[in-house]
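Each chain is listed here by its residues.
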Amino acid sequence: MSFQRYDYDVIANWIEPGERVLDLGCGDGSLLRHLTEVRQVRGYGVENDPERIVACVRNGINVIQINLDQGLAGFDDGFFDHVIMSLSLQAMHNTQGILKEMLRVGREAVVSFPNFAYWRHRQSILNGHMPVSKNLPHQWYNTPNVRFFTIADFDDLCVQEGIAIHERLAFDEDRIIVDEPNFMASVALYRLGRQVGC
Amino acid sequence: MTHNSVGIVAPQRAHFSEPLPLKSGGTLPAYDLVYETYGRLNASRNNAVLVCHALSGSHHVAGVHADSGAVGWWDNLVGPGKPLDTERFFVIGVNNLGGCYGSTGPNSIHPATGKPWGADFPFVTVEDWVVTQARLADLLGIERFAAVVGGSLGGMQALSWTLQYPDRVGHALVIASAPKLTAQNIAFNEVARQAILKDPEFHGGHYYEQGVVPARGLALARMIGHITYLSDDSMDQKFGRSLRHEKPVFSYDVEFEIESYLRYQGDRFAGFFDANTYLLTTKALDYYDPAFDYNGDLVAALGRAKADYLVVSFSTDWRFAPSRSREIVYALMHSDRRVSYAEIDCPAGHDSFLLDDPQYHAVLRAYIDNIRL
């Protein structure tokens, strides 16, 4: 089972049939297509890459071309049940802003990101090189990633921003990691909500 | 003729004797519509696509007229193997009511007086056009369009189709359009109209009988329009500050190349387009506002719609800016309609919608290919 498949199944498990779902940085739309097939969601994707827009349209999913760095102006508060950002948060400049926007337009947010503190990545740094792996496939000079953070960092940010962590799953490839996720897990998935009283 | 043309085409004419109640109040007792078709209506009659034209467009969407050699205004889109593939779809172009390309309009003869209608031709709206297009569809045995497609004012008709006849349209492709004009946009139309109305040869709209046309006013109107259809960059690229005499000669004759271009475009347009049609059509643009009866709530106005949508805008279009298309997109999304939106990076301003930018056509092709029959 590929990682991507695993990621999709976790996300699908967090979503109820027929929900309204927004997928930010939706790529070619395959996650939304999967969620439409297994959860019959009313899905919309946001993407800004011209080729991916065409791929989404070809894939038959709803895609809206906007630049996410400009936020989600025009999207009503609380319109979506879930707002997803799958393996793209590390490529966003305005991390706090986009998390805020996700929890404004959605009841819950689902984010996944590569854990930069994964032991293989640490090993790479110890050996004197930036990590390159399955989940960090680019070289330092051509990576689309602009924010380099760990599971521990993200937990701290949630506390600081008053974001409730409803659920967190950590993986190494397709294996679930329970102990020492910040060291042992290459990817983390979070189900987030607005903190009560915030 | 571009590659993969539908070839030689000829317009057809349909007469409608059922009176048409108009949004402006009156009734048109009878009228003609001129139209063209490309491709074949299939046995299940479910492959028809209506292409709606903009301000100066016509029924001649694709192919070539044998006599004049005129190529259709959207020939790069419509044809065998093109994004709107006539091997698969039966495509229809209609000259809108009030037009000047053969459908009943101000330059047609008023049956009661035996003279041209002129200024007595009633105001027609986007909604009226959609009703007449639906009657043409009835005549051609088309219960439901697979898609209705249009750019600019044509996009307004495509949107209106999905609200007036929700069960008769599967998909709407709304390109370089807006849910209603802004004050600035109406302002441009008003200047264009004043140029025509103030031309001494306008004669209150009854210039036909005087054997003249308000050509200066119409040319000026077209010049203003043309400026707004191009982008600052594209105009700069094309003309810059090029001087005909290579240095200023201090004259009001043509010096800068842009002056030459605008005068040429204006005069050419005034040579074939009808001033009354221009007036009527700009007013139809100004009046279009599907949310008007819903206290300005576009989401509420779209509540009736059942179609799926593709909305497309162009980065350098400031007459129908991307932000206006996004208004349509968000309202559709908040009405739980299926909608995709592409913002094409194209330097040509509003006129981009008539070009064959590769990304633009790739999006259209991908969307149209997915239309199930």
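Now for a description of the structure that goes with this document.

Definitions and cut-offs
Residues numbered from 1 in each chain as written. Chains lettered and ligands numbered in written order. Predicted model: local features only at pLDDT ≥ 70, side-chain atom pairs only at ≥ 80, totals over all residues. Heavy atoms only, no water. Helix = DSSP H or I, 4+ residues; strand = E, 2+ residues; numbered from the N terminus. Rg over C-alpha atoms; globule rule 2.2 N^0.38 Å. Buried < 20%, exposed > 50% of the residue type's maximum accessible area, 1.4 Å probe, protein only. Contact = heavy atoms within 4.5 Å. Areas by Shrake-Rupley, 256 points an atom, 1.4 Å probe, with all protein chains shown as cover. Lys, Arg positive; Asp, Glu negative; His and termini not counted. Charge placed at Lys NZ, Arg CZ, Asp CG, Glu CD. Salt bridge = Lys/Arg side-chain N within 4 Å of Asp/Glu carboxyl O.

1. A look at the overall build of chain A
Secondary structure summary: chain A contains seven helices and eight strands in total. Computed over its C-alpha atoms, the radius of gyration of chain A comes to 16 Å, within 12% of the 16 Å expected for a compact globule of 198 residues. If you line up chain A on its principal axes, its C-alpha atoms span 45 × 40 × 30 Å. Residues classed as buried in chain A amount to 52% of the 198 residues present. For chain A, contacts bridging at least 24 residues in sequence account for 66% of all contacts bridging at least 6. Accessible area of chain A: about 9,400 Å², with a carbon and sulfur share of 48%. Of the charged side chains in chain A, 18 are positive and 26 negative; the average position of the first set lies 2 Å away from that of the second.

2. Quick word on the pattern of salt bridges
Residues and elements named next belong to chain A. A complete count under the given rule lists 25 salt bridges over all chains for this structure. The salt bridge involving glutamate 167 is made with arginine 191; its shortest N-O contact spans 2.9 Å. With glutamate 167 in strand 6 (residues 163-172) and arginine 191 in strand 8 (residues 187-194), this pair connects stretches of sequence that are 24 residues apart. Residue classification places glutamate 167 among the partly exposed positions, given a relative accessible area of 30%. Take arginine 191: its relative accessible area is 18%, and that puts it in the buried class. Several salt bridges share partner residues, and in doing so they unite Glu19, Asp81 and Arg107 into one network.

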